[in-house]
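Residues per chain, in single letters:
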Amino acid sequence: MKDTKTLALSAALIALSALPFSRTAPSAEAWPQRTVKLVVPLGPASGADVTARVLADHLSRRWRQSVVVENRPGADGIVGLAAFLGTSDDHMLLFTATGTFTAYPFLHQKLPYSLDQLAPIARVTNTLVAITVPTSLKVNSLAELMTLVRSQPGRYHWASITGATDLVFSGFLKSAGLSMVRVPYRESVLALNDLSEGRIEVFLSALATVLPQVAGGKIKILALTNHEHAPMIPEVPTVLEAGYPTLQYDGLVGLFATAGVPVELRERIAGDVRAVIADPAIATIVAGTGQIISPGSPAEFARSIEEQLSAFTAIANSLDLQRR
């Protein structure tokens, strides 16, 4: 069963997806009336940043108003999200991965925000997450990797940069009765260097992060955690196809407003987002960053977040982690 706080957060998501018009808010048809700002709580050149900039360019033409991207990196996205929620401007939107607020409450103390401060607008992409090993490890599938890990408990090392994938892999190891040593890293480049040299044996990361090392023959991808194939590497199985459904995780990325922005306006924005990302050229650009297009309305996005939150709550309970 979901815990009380999870039920409250789920109810908040559903409520936020159907908030009525504020009497003082501009009509959906009249919006935007000035420059729109997309806050990205990651640095330049990240997958989310590239997507946000492409989206901003196309939306600015559709809306006939400037749409600018503001990067606010720091503390795994916490800084940018907190800064965004410190505003009440309906011309300021957030473009981020959902793990920042579905996984982090189990991993960080005293977060400066809560889920009920956000109003989902549109799911935009799924970041593809790869499970990789060094080529020198001589394993070619998840099954072979798990057999190796089981044969020598505590011998092998794993790493992950984001809180969401930390939860997913930790929960998997616990449920499978496997013992590995987690190695913490602040930067993915350090983890990748150690992986390619065989100092760690498993790394969970955004696909785009590992592709250069894969092309160089230093590491290999065993599976993707996402529920669907990556068009650019169709030969790589999903974890479900590989027989490990508890490793499934979709890196949801989308657009948010602050709570109180009316549903009519959010529906209007979501419709415009769906219209512009239907352009095949955008899908090509997004694919180059290790993502796939995955459009969704405010209600659909809220349901996706609720499902992710429910899954993370179950994992956290299995690991005896409490919501902070």
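Conventions adopted
- Residues numbered from 1 in each chain as written.
- Predicted model: local features only at pLDDT ≥ 70, side-chain atom pairs only at ≥ 80, totals over all residues.
- Heavy atoms only, no water.
- Helix = DSSP H or I, 4+ residues; strand = E, 2+ residues; numbered from the N terminus.
- Buried < 20%, exposed > 50% of the residue type's maximum accessible area, 1.4 Å probe, protein only.
- Polar contact = N/O pair within 3.5 Å; in protein donor to acceptor, adjacent residues only side chain to side chain.
- Contact = heavy atoms within 4.5 Å.
- Salt bridge = Lys/Arg side-chain N within 4 Å of Asp/Glu carboxyl O.
- Core = buried A, V, L, I, M, F, W, Y, C linked by side-chain atoms within 4.5 Å.
- Pairing = 2+ DSSP bridges.
- Right-handed = clockwise from strand over helix to strand, strands pointing away.
- Axes fitted to C-alpha atoms, helices over the stretch in contact; angles between N-to-C directions.
- Parallel < 35°, antiparallel > 145°, perpendicular 65-115°, else oblique.
- Left-handed = near helix turned anticlockwise from the far one by under 90°.
- Phe/Tyr/Trp six-rings, centres within 6.5 Å; stacked < 30°, edge-to-face > 60°.
- Lys NZ or Arg CZ within 6 Å of the ring centre and 35° of its normal.
- pLDDT = per-residue confidence, 0-100.

### Notes on the side chain of glutamate 201
Next, step 1: Positionally, glutamate 201 belongs in the loop between α7 (188-196) and β8 (202-206).
Next, step 2: According to the relative accessible area criterion, glutamate 201 is buried, its value standing at 6%.
Next, step 3: Polar side-chain contacts of glutamate 201 include one of 2.5 Å to the backbone nitrogen of histidine 157.
Next, step 4: Discounting chain neighbours no more than four positions away, the residues touching glutamate 201 are Thr132, Val133, Pro134, Leu137, Arg155, Tyr156, His157 and Leu195.

### Observations concerning the pattern of salt bridges
Next, step 1: Scanning the entire structure with this criterion turns up 11 salt bridges.
Next, step 2: For the salt bridge of glutamate 201 with arginine 155, the shortest nitrogen-to-oxygen distance reads 3.9 Å. Remark: arginine 155 occurs in the loop between α5 (142-151) and β6 (157-160) and glutamate 201 occurs in the loop between α7 and β8; sequence separation between them is 46 residues.
Next, step 3: Note that aspartate 272 and arginine 268 form a salt bridge whose closest N and O atoms lie 2.8 Å from each other. One end of the pair, aspartate 272, and the other, arginine 268, are both in helix α9 (residues 263-277), four residues apart, so they sit about a helical turn from each other.
Next, step 4: Using a relative accessible area of 24% as the deciding quantity, one classes arginine 268 as partly exposed.
Next, step 5: Residues joined by salt bridges that share partners form a network here, namely Lys37, Glu70 and Arg72.

### Looking at the nonpolar core
Note on soluble globular proteins: their nonpolar side chains tend to be buried together.
Next, step 1: Leu142, Leu145, Phe169, Val202, Leu247 and Phe312 are the most contacted members of the largest nonpolar core, which totals 49 residues.
Next, step 2: Broken down by secondary-structure element, the contributors of at least two residues to this core are α3 (78-85), β3 (92-97), β5 (129-134), α5, α6 (163-176), β8, β9 (219-224) and α11 (298-318).
Next, step 3: Setting aside anything within four residues of it in sequence, one finds leucine 247 in contact with Ile131, Leu142, Val168, Phe169, Phe172, Thr225 and Val239.
Next, step 4: If you look at the next biggest cluster of nonpolar residues, it comprises 32 residues, including Val36, Val67, Ile121 and Ala257.

### A short note on the environment of alanine 159
Next, step 1: Along the chain, alanine 159 falls in strand β6.
Next, step 2: Sequence-wise, alanine 159 and arginine 182 are 23 residues apart; in three dimensions their C-alpha atoms are separated by 5.7 Å.
Next, step 3: Apart from residues lying up to four places away in sequence, alanine 159 is in contact with Val183, Tyr185, Ile200, Val202, Phe203 and Leu204.

### Notes on the pairing of β6
Next, step 1: Bridge count for β6 against strand β7 (residues 181-182) is two bridges, and the pairing is parallel. Counterpart to tryptophan 158 in the pairing with β7 is arginine 182.
Next, step 2: Handedness of the β-α-β unit built from β6, α6 and β7 comes out right-handed.

### Overview of the packing of helix α2 (residues 47-63) against α9
Next, step 1: Across the interface, α2 lies against α9 with an axial gap of 10 Å and an inter-helix angle of 115°. The angle between α2 and α9 places the two elements in the roughly perpendicular class. Along this stretch, α2 crosses α9, giving a crossing that reads as right-handed. Here Leu55, His58, Leu59, Arg62 and Trp63 of α2 lie close against α9, whose contacting residues are Arg268, Ile269, Asp272, Val273, Ala275, Val276 and Ile277.

### Structural notes on the packing of aromatic side chains
Next, step 1: Per the stated rule, a full pass over the model turns up seven aromatic pairs.
Next, step 2: Both rings, one in phenylalanine 101 and one in phenylalanine 256, keep their centres 5.2 Å apart while their planes meet at 90°; by these two values the pair is edge-to-face. Here phenylalanine 101 is found in helix α4 (residues 99-102), whereas its partner phenylalanine 256 is found in strand β10 (residues 251-258), with 155 residues between them in sequence. Each member of the pair, phenylalanine 101 as well as phenylalanine 256, carries the same accessibility label: buried.
Next, step 3: On the numbers, 5.8 Å between centres and 80° between planes, the contact of phenylalanine 172 with tyrosine 244 is edge-to-face. Linking phenylalanine 172 in helix α6 with tyrosine 244 in the loop between β9 and β10, this pair joins segments that are 72 residues apart in sequence. Each member of the pair, phenylalanine 172 as well as tyrosine 244, is classed as buried.
Next, step 4: Here the aromatic cluster, defined as three or more aromatic residues joined through ring pairs, consists of Trp158, Phe169, Phe172 and Tyr244.
Next, step 5: Its end group placed over the ring of tryptophan 158, arginine 182 keeps NZ or CZ at 5.9 Å from the ring centre.

### Digging into the sheet that holds strand β4 (residues 118-127)
Next, step 1: On the basis of which strands lie adjacent, the open sheet formed by six strands has the order β2-β1-β3-β10-β4-β11 and mixed pairing. Each having just a single partner strand, β2 (67-71) and β11 (291-296) make up the two edges of the open sheet. Direction aside, neighbouring strands of the sheet carry axes that sit 25° apart on average.
Next, step 2: Sheet topology places β4 next to β10; eight bridges connect them, and they run antiparallel. Within the sheet, the bridge partner assigned to threonine 125 lies in β10 and is valine 253.
Next, step 3: Contacts from α2 reach β1 (36-40), β2, β3, β4 and β11, with the element oriented near 160° to β2.

### Description of the confidence of the model for the chain
Next, step 1: This prediction gives the chain a mean pLDDT of 88; 91% of its residues lie at or above 70.
Next, step 2: Considering only residues more than four positions removed or in separate chains, one finds that residues 18-24, a stretch of pLDDT under 50, has 16 contacts.

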